[in-house]
Amino acid sequence: MDHANRIPIIRLWDLLLVPVQGDVDDSQAEGLVSDVLARVQRDGCAGLLIDLSGVWTLDSHLCSVMVRLSRAAALMGAQTIVSGMRPEIAMTIQTMGISLGGIQTVALLEDALEALGVRSDRAKGRDDALITELILGEQEEDEA
Amino acid sequence: MSVFERFLSPINARALARSVTHRAGAGGSPATLLRHIEATSVFFVPIDKREALIEAARQLLGPEIPATAPVGGLERISISGVAVPNTSALSAAGTDVLGPTVAIRMEADLNEARLVARQMCQQVGLQGFAAQKFVTAVSELARNVAKYACPGRVAFSHDAVGRRLRVVVSDRGTGIPNLDAVLDGKYRSKTGMGLGLVGTRKLVDEFDAQTGATGTTIAIAVKY
């Protein structure tokens with residue numbers, strides 16, 4: 001498989017982000033499994049984020065590839081989380097009765113990151129400001 | 001292959017370029033590639049741009065290819081209001097318009113089957129969940145052929161009167177053992193074929209499967 005057809009695998013701290021996009025053919029899917037597992041081993045990753053927001057079609061084969069990948073990654077100590085599944089794709093695989101074999105799925109990539117312990121300082125800062133305001137709001141107003 | 005972008009939306013251009021690249025990678029000759037472009041463009045390139053696209057592709061692939069190359073490797077039928085032959089119980093009474101036929105010889109051909117399925121959806125305005133179900137069903141059936149009964153074909157047609165898209169997937173393999181049990185969900189092969197077939201039946205509005213020692217024909221239809 002040439003380089004242009006490979007699905008990118010992006011390292012984020014001790015995680016691997018795999019944005020799957022467009023029409024995924026079988027050789028790409030197979031290449032993905034071996035590439036990701038090699039990277040999990042090489043980089044000692046703790047988590048694998050598969051983002052499906054750009055995928056056109058998810059059929060039973062691609063689902064089984066993801067299940068296989070997540071089970072193998074789990075054996076190597078990396079947890080898999082799938083994010084960004086579009087509603088029509090979710091409804092299609094649900095209609096077909098396909099199971100994702102216990103892979104954790106979340107709506108957004110942010111949720112996936114959070115589930116693996118990564119949180120934006122900016123979001124945290126906003127939450128802290130909100131808590132401060134809730135607790136100390138009146139006091140701050142008094143001071144003003 | 002950025003030549004396609006002059007005539008197609010970026011997504012369609014990319015999809016067509018990929019399907020052409022696949023065929024080239026599988027050893028397709030320039031003439032075969034051009035015929036593939038001609039066959040595919042019939043369904044999603046406006047008629048006023050089609051000739052220009054094919055001409056541009058010919059310039060790219062080799063101007064010496066004859067304009068009316070005989071259809072050899074790729075099975076293709078033009079969209080001209082011909083009635084579908086009665087290949088299955090699902091064929092309508094002469095109101096179908098033949099769409100493209102995609103030959104399935106290897107797994108890379110699934111991309112083309114999905115591409116054509118997507119184009120058929122666009123053509124009739126099928127979107128979202130309905131389009132997703134159709135494309136997924138085509139992908140599942142074509143995969144069964146690629147995996148177990150190569151070569152085969154995926155024939156698309158369009159019933160404008162009954163407002164249905166139809167697909168007939170056929171092969172000359174050795175048939176599906178225990179088809180009834182598979183469709184009842186009582187049997188699943190170790191390789192997971194049962195799941196694909198049962199799942200496909202749930203995705204479509206009409207489903208008909210005939211199988212025997214000389215091959216299998218599965219016809220599906222979705223309403224729009």
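Source: prediction; values computed, not measured.

Some words on the overall build of chain B
When you go through chain B residue by residue, the secondary structure sums to 7 helices and 5 strands. Helices and strands appear in chain B in the N-to-C order α-α-α-β-α-α-β-β-α-α-β-β. Relative to its full complement of 224 residues, chain B shows a buried share of 54%. Partitioning the contacts of chain B with sequence separation of at least 6, the portion at a separation of at least 24 is 63%. Accessible surface computed for chain B: about 9,900 Å², of which carbon and sulfur atoms make up 54%.

Focus on a nonpolar patch on the surface
Taken together, the side chains of L130, I131, L134, I135 and L136 of chain A present a nonpolar region at the surface, about 520 Å² in accessible area. Position of I135 of chain A among the secondary structure elements: in helix 5 (residues 121-143).

Topic: the sheet that holds strand 5 (residues 215-223) of chain B
All names here are of chain B. One open sheet holds the 5 strands; their spatial order is 1-2-3-5-4, and the pairing between them is antiparallel. Each of the sheet's edge strands pairs with one partner strand only, and the pair in question is strand 1 (96-104) and strand 4 (206-212). Neighbour-to-neighbour, the strand axes of the sheet open up by a mean angle of 10°, direction not taken into account. Note that strand 4 and strand 5 share 7 bridges and pair antiparallel. Residue pairing for strand 5: Q210 is matched across the bridge by T217. Along the sheet, helix 5 (residues 128-148) contacts strand 1, strand 2 (152-159), strand 3 (164-171) and strand 5; its crossing angle with strand 3, the most-contacted strand, is approximately 10°.

Examining the interface of chain B and chain A
Interface size is often expressed as the accessible area that is lost when the parts come together. If you look at the interface, chain B gives 26 residues, while chain A gives 21 residues. Together chain B and chain A conceal approximately 2,100 Å² of surface at their shared face, both sides included; 51% is due to carbon and sulfur atoms. Three residues, R18, F129 and Q132 of chain B, lead the burial of chain B against chain A; their summed loss comes to 27% of the area buried on that side. One can count 4 salt bridges joining chain B with chain A. Our count for the chain B to chain A interface comes out at 9 residue pairs in polar contact (both at pLDDT 80 or more). Of all the secondary structure elements, the ones that give two or more residues to the side of chain B that touches chain A are helix 1 (10-25), helix 4 (109-124), helix 5 and helix 7 (193-203) of chain B. Among the elements that take part in the side of chain B that touches chain A, helix 5 of chain B stands out by supplying 10 residues, more than any other.

Some details on the nonpolar core
Formed by 69 residues in total, the largest nonpolar core has its most connected members in V36 of chain A together with I104, F134, F156 and L197 of chain B. Here this core takes 9 residues from helix 5 of chain B, the largest share from any one element. When near neighbours in sequence (up to four residues on either side) are disregarded, L197 of chain B contacts L141, N144, I176, L179, V182, L183, F207 and I218 of chain B.

Thoughts on the pairing of strand 3 of chain B
Residue and element names in this part refer to chain B. With respect to burial, strand 3 is a largely interior element, 8 of its 8 residues being buried. Side chains R164, R166, V168 and S170 of strand 3 all project onto a buried face; the interleaved residues L165, V167, V169 and D171 project onto the opposite face, where all are buried too. Alignment of strand 2 against strand 3, held across 8 bridges, turns out to be antiparallel. Along strand 3, the bridge assignment pairs V154 with V169. Linkage of strand 2 to strand 3, two consecutive antiparallel strands, is achieved through a turn of 4 residues, within which R163 is found at a positive phi near 50°.

Comments concerning the packing of aromatic side chains
Residues and elements named next belong to chain B. Taken as a whole, this structure holds 1 aromatic pair over all chains when the rule is applied. Between F134 and F156 the ring centres are 6.4 Å apart and the planes differ by 65°, which places this aromatic pair in the edge-to-face class. Of this pair, F134 sits in helix 5 while F156 sits in strand 2, and the two are 22 residues apart along the sequence. Across this residue pair, the class does not change: F134 and F156 are buried.

Some details on the sheet that holds strand 3 (residues 47-55) of chain A
Residues and elements named next belong to chain A. Taken in spatial order, the 5 strands line up as 1-2-3-4-5 in an open sheet, and their pairing is mixed. The two strands at the open ends of the sheet, each matched to only one other strand, are strand 1 (10-12) and strand 5 (104-106). Adjacent strand axes in the sheet meet at a mean angle of 25°, parallel and antiparallel pairs treated alike. Relative to strand 3, strand 2 (residues 15-22) runs parallel, the two being bridged by 7 bridges. By the bridge assignment for strand 3, L15 is matched with G47. Those strands touched by helix 1 (residues 26-43) are strand 1, strand 2 and strand 3, and its axis lies near 165° from that of strand 2.

Details of the packing of helix 1 of chain A against helix 2 (residues 60-75) of chain A
When two helices pack together, their arrangement is given by the angle between their axes and by how far apart the axes lie. Residues and elements named next belong to chain A. One can describe the packing of helix 1 onto helix 2 by two numbers: an axis separation of 10 Å at closest approach and a directional angle of 10°. By the angle between their axes, helix 1 is roughly parallel relative to helix 2. Here helix 1 contributes D26, A29, E30, L32, V33, V36 and L37 to the contact with helix 2, which in turn contributes H61, L62, V65, R68, L69, A72 and A73. Partitioned by chemical class, the residues of the contact of helix 1 with helix 2 number 10 nonpolar, 1 polar and 3 charged.

Notes on unusual backbone geometry
Residue and element names in this part refer to chain B. Of the consecutive residues C150 and P151, the connecting peptide bond is found in the cis state with omega at 0°. If you trace the backbone, P151 turns up in the loop between helix 5 and strand 2. Despite not being glycine, R163 shows a phi value in the positive range, around 50°. For R163, the position within the fold is in the loop between strand 2 and strand 3.

Calculation criteria
- Residues numbered from 1 in each chain as written.
- Chains lettered and ligands numbered in written order.
- Predicted model: local features only at pLDDT ≥ 70, side-chain atom pairs only at ≥ 80, totals over all residues.
- Heavy atoms only, no water.
- Helix = DSSP H or I, 4+ residues; strand = E, 2+ residues; numbered from the N terminus.
- Buried < 20%, exposed > 50% of the residue type's maximum accessible area, 1.4 Å probe, protein only.
- Contact = heavy atoms within 4.5 Å.
- Areas by Shrake-Rupley, 256 points an atom, 1.4 Å probe, with all protein chains shown as cover.
- Patch = residues over 30% accessible without salt bridge, like charges linked within 9 Å, V, L, I, M, F, W, Y side chains within 5 Å.
- Salt bridge = Lys/Arg side-chain N within 4 Å of Asp/Glu carboxyl O.
- Pairing = 2+ DSSP bridges.
- Axes fitted to C-alpha atoms, helices over the stretch in contact; angles between N-to-C directions.
- Buried area = accessible area lost by both parts, 1.4 Å probe.
- Polar contact = N/O pair within 3.5 Å; in protein donor to acceptor, adjacent residues only side chain to side chain.
- Core = buried A, V, L, I, M, F, W, Y, C linked by side-chain atoms within 4.5 Å.
- Phe/Tyr/Trp six-rings, centres within 6.5 Å; stacked < 30°, edge-to-face > 60°.
- Parallel < 35°, antiparallel > 145°, perpendicular 65-115°, else oblique.
- Nonpolar A, V, L, I, M, F, W, Y, C, P; charged D, E, K, R; others polar.

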